[in-house]
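Notes for the structure review
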Amino acid sequence: MSPHSPAIDQIDTLLWIGFAAAVILGVAAIGGLLYALGRNRAGRGAEPRQVTGGAGIQLRVGGALGVFAVTLLVLGIVFTDQARQAPATGPAGLQAKGGEPLTITATGQQWLWRYQYPNEAFSYYRLVVPVDTEVRLKLVSTDVVHTWDVPDLAAKADAVPGKTNEVVFRADEEGTYDGRAATLSGQAYAQMRTAIEVVSPARYAAFVKTRQDDIQAAQDRVVKLIENGETP
Amino acid sequence: MSAPRNPELVVDGFPPRRARWAQLATSPDHKDLGRILIAGALGFLFMAVVELLLMRLQLAVPENTFMPPVTFNRMLSLYGATAIFLFALPLALGFFYYVAPLQIGARGTALPRLGQLGTWLFVGGAAVLYATFLFTPPEAGVNPLPPLSGLVYTANNGIDAWLAACGLATLGFVLISIDLVATLRRLRAPGMAWRRLPVFSWSAAISAWLTIAIGAVLLAAIAMLLIDRNYEGIFFAGSAGGAPLLWQHLSWIFYTGAYMLILIFALGAVAEIAPALARKPLFNRNAVIGSLVAIAVLGTLAWMQNMYTAPIGLGWMYFAMVMSLALIVPFGLVLFNLIATLNGGAIRMRAPLLFAAGAIVAIVIGLASELSHSLVAAGWRLQHTTDSTAATHFALVGGAVFGGFAALHWWFPKMTGRTMGETLGRLSFWTMAIGLLVAFVPLFLAGSEHDQVIDAYKFFAGEGLDAYNLIATIGAFVLAAGIFLTLANAILSREGGRPAGHDAWGADSLEWFALSPPEPHNFDQLPDVRSARPMRDIRAAIAHRSAREERPARERQPVA
């Protein structure tokens, strides 16, 4: 997987740190166990020496493990904090008045993602965002708990009914990023997917404008039909 | 039956008054109840494996239509409830309940009718869960999160049955644990101070306290969800001012605590097996016991590690990370002491030790992988993927299946008087070991590399997941074959196994002083405990007296 946002860079680094820590501890424990099992098979001989260990060695081993744990904790906090830092909108991004981030609301509902843009336009399944722009995604749910999951772009986060969760990301490259829901939400859960389309600010503006116009046209048509006494 | 040494104290068994099944159904004896729990747990292990295989068949190829989505969700829900509530927990508690009173030199338990009620509540819970095949099985997943498990989104009775089944079983576990706590506090043999208590009995004490704590939490959550579903409650209704996250907190406290309980059970059993089969005392008893206590406390306090994606505030996530990472110290110390015990010993590599080693390796792989999940930002990436499925299965299959089979091979001679077949045991072990690796290593890769999500009834072609899932399915079948071999071995060895004698392994704890299988009252004579290795003292005393009087040691007691 190739990272395409600043947060994903930090998360990837932390993943490698976690993997390295797992390998170090795993190899030490499993290696020690297999070594002890392999080297000390019972032969014909006397009872093995009945040795036990005192508190000193326990403190040394426990202390070493403690130092390891604290190191991991510090690294975990450092990289998590960096992954959460709001990435400022770059020169190629959508320049908003006052440097406000672009705020979009993502609503999870069985079994679709609905995206609400700042100017009343909305879209289902597909989210279009401008490149190099700080995007603040508000996650809400109308029914059950859903998890918004676009691994190449941002951290996972839950949409919980009655609560608002938030994901902040900045896509550094144009392209389409696949995403999915990651918490069991009922029968069509596996079908609940999404795609994030990262485009230039100009194309983003055009997209939102078109959506807005289309939605307005559709609404006008329905209103007109009702006024004419027809069923829409 | 050996000649009674103290004829005035020995009753050679009353004539059986009732049929065996009637005796078993009405018995408050901890050994009968322990056997019901263990046998029931192994039966439900079979069911859980079958359910896992059906789900793996559905996930063998992309976009498979072997199973409709709702059937898959039902299998998933049944699998989770069966594996945790009907297999792992009753197996651990069953062994604790059977072995701990014997290890402390008690003639029974302190509150036998409470333990009997607890055991039959577990049986009742199991009956409720599997009775759902007659109407609708639950379908809201391993942890049925509201609002999905609320009445609005799952209107059928499956969830109510899940709640009733898991509630009854959990209440049963709490009652058994109360009996265990009372027994361990009140009925220890003369001289059996806490500092001399065998490590497995310490595991029993820790696990019993832990069950009482986390069981109460789950029972509260279950009561609330039952009220929500049946009496128009709004505890968890997100739209009506309720708190869906409250269920997540309460249920994860239970599941995380249960996870720790299973590991404490396995480590406790290994801490009995390793010293005996290496013929060395445990390297440092106090460090192991202290570490097991720390695992219970720290591990359960890390429950919010499962909620890194939920809107709970970063500080709580850091709190969970601190607790998870702190676990490195006690787990590391237990492993260090087990390895130091084996090192320099005279190791007899018998089936129990083989399974014990397998348990340790699998638990280490599982816990080491969980490390990345506990680092908050890495958890955002890895959680909800099959990487967490794989990590959890390594740790829990390691703890409950490998650890449980180690305990089964170890105490089977005490429970039946016969040893389980060694050849079949070895065959089963290696099949299981290969199966576990082939089944779950691909899921690590599918989850961490390609973000395959958990609990989904299908995956899509062209996302790099096809090979991983096919291999995982093949591995699951190999793992299942290995598990079935040990289940068959246990059934065959009950009648046909090699007679084991009373002191089957030369271990140091008091259950080997009782007959195999023990009499209803456990001990004719209560030994005077003078050290943490009472059976070794008894053996030495017998050898000393035999040498002096030139008489054979107790009949049918091979002193290993």
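Check the entry above for the structure.
In short, a report on the structure. Predicted, not measured: the structure shown is a model, and the values here were computed from it.

Rules of the game
- Residues numbered from 1 in each chain as written.
- Chains lettered and ligands numbered in written order.
- Predicted model: local features only at pLDDT ≥ 70, side-chain atom pairs only at ≥ 80, totals over all residues.
- Heavy atoms only, no water.
- Helix = DSSP H or I, 4+ residues; strand = E, 2+ residues; numbered from the N terminus.
- Contact = heavy atoms within 4.5 Å.
- Areas by Shrake-Rupley, 256 points an atom, 1.4 Å probe, with all protein chains shown as cover.
- Lys, Arg positive; Asp, Glu negative; His and termini not counted.
- Charge placed at Lys NZ, Arg CZ, Asp CG, Glu CD.
- Patch = residues over 30% accessible without salt bridge, like charges linked within 9 Å, V, L, I, M, F, W, Y side chains within 5 Å.
- Salt bridge = Lys/Arg side-chain N within 4 Å of Asp/Glu carboxyl O.
- Buried < 20%, exposed > 50% of the residue type's maximum accessible area, 1.4 Å probe, protein only.
- Buried area = accessible area lost by both parts, 1.4 Å probe.
- Polar contact = N/O pair within 3.5 Å; in protein donor to acceptor, adjacent residues only side chain to side chain.
- Nonpolar A, V, L, I, M, F, W, Y, C, P; charged D, E, K, R; others polar.
- Pairing = 2+ DSSP bridges.
- Axes fitted to C-alpha atoms, helices over the stretch in contact; angles between N-to-C directions.
- Parallel < 35°, antiparallel > 145°, perpendicular 65-115°, else oblique.
- Left-handed = near helix turned anticlockwise from the far one by under 90°.

1. Concerning the overall build of chain B
Assigned secondary structure in chain B consists of 16 helices and 2 strands. Projecting the C-alpha coordinates of chain B onto the three principal axes gives extents of approximately 80 × 50 × 45 Å. Excluding contacts between residues fewer than 6 apart, the proportion of contacts in chain B whose partners are at least 24 apart in sequence is 82%. Summed over its atoms, the accessible surface of chain B is roughly 19,100 Å², and 67% of this surface lies on carbon and sulfur atoms. Between the averaged position of the 37 positive side-chain charges in chain B and that of its 31 negative side-chain charges there is a distance of 11 Å.

2. A few points about a nonpolar patch on the surface
Residues and elements named next belong to chain A. Taken together, the side chains of Trp-16, Phe-19, Val-23 and Val-27 make up a nonpolar region of the molecular surface, amounting to roughly 460 Å² of accessible area. Residue placement: Val-27 occurs in helix 1 (residues 6-39). Using a relative accessible area of 57% as the deciding quantity, one classes Val-27 as exposed.

3. As for the interface of chain A and chain B
Tallying the contact residues gives 76 residues for chain A and 80 residues for chain B. Interface of chain A and chain B: buried area, both sides summed, is about 6,500 Å²; carbon and sulfur atoms make up 69% of it. Counting the surface chain A buries against chain B, the share from its top three residues, A:Gln58, A:Lys156 and A:Leu184, is 10%. Across the contact surface, chain A and chain B share 4 salt bridges. Measuring nitrogen to oxygen at the nearest pair gives 3.7 Å for the salt bridge that ties A:Lys156 to B:Asp451. Where chain A touches chain B, the interface holds 23 residue pairs in polar contact (both at pLDDT 80 or more). Of the residues forming the side of chain A that touches chain B, the biggest block, 17 residues, is contributed by helix 2 (residues 55-84) of chain A. Looking at the side of chain A that touches chain B residue by residue, the class counts come to 40 nonpolar, 24 polar and 12 charged.

4. Let's talk about the sheet that holds strand 10 (residues 193-199) of chain A
Through backbone hydrogen bonds, the strands of a sheet pair up, either in parallel or in antiparallel fashion. Residues and elements named next belong to chain A. Reading across from one edge, 4-10-9-6-7 is the order of the 5 strands in this open sheet, with mixed pairing throughout. Only two strands of the sheet have a single neighbouring strand rather than two, namely strand 4 (126-130) and strand 7 (157-159). Across the sheet, the axes of successive neighbouring strands diverge by a mean angle of 25 degrees, strand direction being ignored. Examined bridge by bridge, strand 6 (residues 146-149) and strand 9 (residues 175-181) share 2 bridges and lie antiparallel to one another. Along strand 9, the bridge assignment pairs Asp-149 with Arg-180.

5. Things to note about the packing of helix 14 (residues 422-450) of chain B against helix 15 (residues 466-496) of chain B
Residues and elements named next belong to chain B. Two numbers describe how helix 14 lies on helix 15: the axes approach to 7 Å, and their chain directions differ by 155 degrees. Taken together, the axis directions place helix 14 and helix 15 in an arrangement best described as roughly antiparallel. Our pair here, helix 14 against helix 15, has a crossing hand that is left-handed.

6. Points about the sheet that holds strand 2 (residues 112-116) of chain A
Residues and elements named next belong to chain A. Read from one edge of the open sheet, 5 strands run 3-2-1-5-8, paired in mixed fashion. Either end of the sheet is taken by a strand with one partner, and the two such strands are strand 3 (122-124) and strand 8 (165-169). In this sheet, adjacent strand axes meet at a mean angle of 25 degrees when their direction is disregarded. With 3 bridges connecting them, strand 2 and strand 3 associate as antiparallel partners. In the strand pairing of strand 3, Arg-114 is matched with Tyr-124.

7. Remarks on the side chain of B:Asn337
Along the chain, the position of B:Asn337 falls in helix 10 (residues 328-342). Given the relative accessible area of 0%, B:Asn337 is considered buried. In this structure the side chain of B:Asn337 is engaged in a polar contact, spanning 3.4 Å, whose partner is the backbone nitrogen of B:Asn284. Filtering out sequence-adjacent residues up to four positions away, B:Asn337 remains in contact with A:Gln58, B:Phe283, B:Asn284, B:Ala287 and B:Val288.

8. Let's talk about the packing of helix 11 (residues 351-374) of chain B against helix 13 (residues 386-416) of chain B
All names here are of chain B. Look at helix 11 against helix 13: their axes get within 7 Å of each other, and the N-to-C directions meet at 160 degrees. Between helix 11 and helix 13, the angle falls in the class roughly antiparallel. Here helix 11 and helix 13 pass one another in a crossing that is left-handed. Residues of the contact of helix 11 with helix 13, tallied by class, amount to 15 nonpolar, 10 polar and 2 charged.

9. Some details on the pairing of strand 5 (residues 135-141) of chain A
All names here are of chain A. Alternating residues of strand 5 divide into Val-135, Leu-137, Leu-139 and Ser-141, all buried, and Arg-136, Lys-138 and Val-140, none buried. The pairing of strand 1 (residues 102-109) with strand 5 spans 7 bridges and is parallel. Directly across from Thr-107, in strand 5, lies its bridge partner Val-140. Bridge count between strand 5 and strand 8: 5 bridges; the pairing is antiparallel.

10. Brief notes about the pairing of strand 10 of chain A
Residues and elements named next belong to chain A. Taken across its 7 residues, strand 10 has 7 buried, putting it largely inside the fold. Judged by which residues are buried, strand 10 turns out to be covered on both faces: Arg-193, Ala-195, Glu-197 and Val-199 on one side and Thr-194, Ile-196 and Val-198 on the other are all buried. Bridge count for strand 4 against strand 10 is 5 bridges, and the pairing is parallel. Residue pairing for strand 10: Val-128 is matched across the bridge by Glu-197. Bridge count between strand 9 and strand 10: 6 bridges; the pairing is antiparallel. Each bridged residue has a counterpart across the sheet, and for Gly-175 the counterpart in strand 10 is Val-198.

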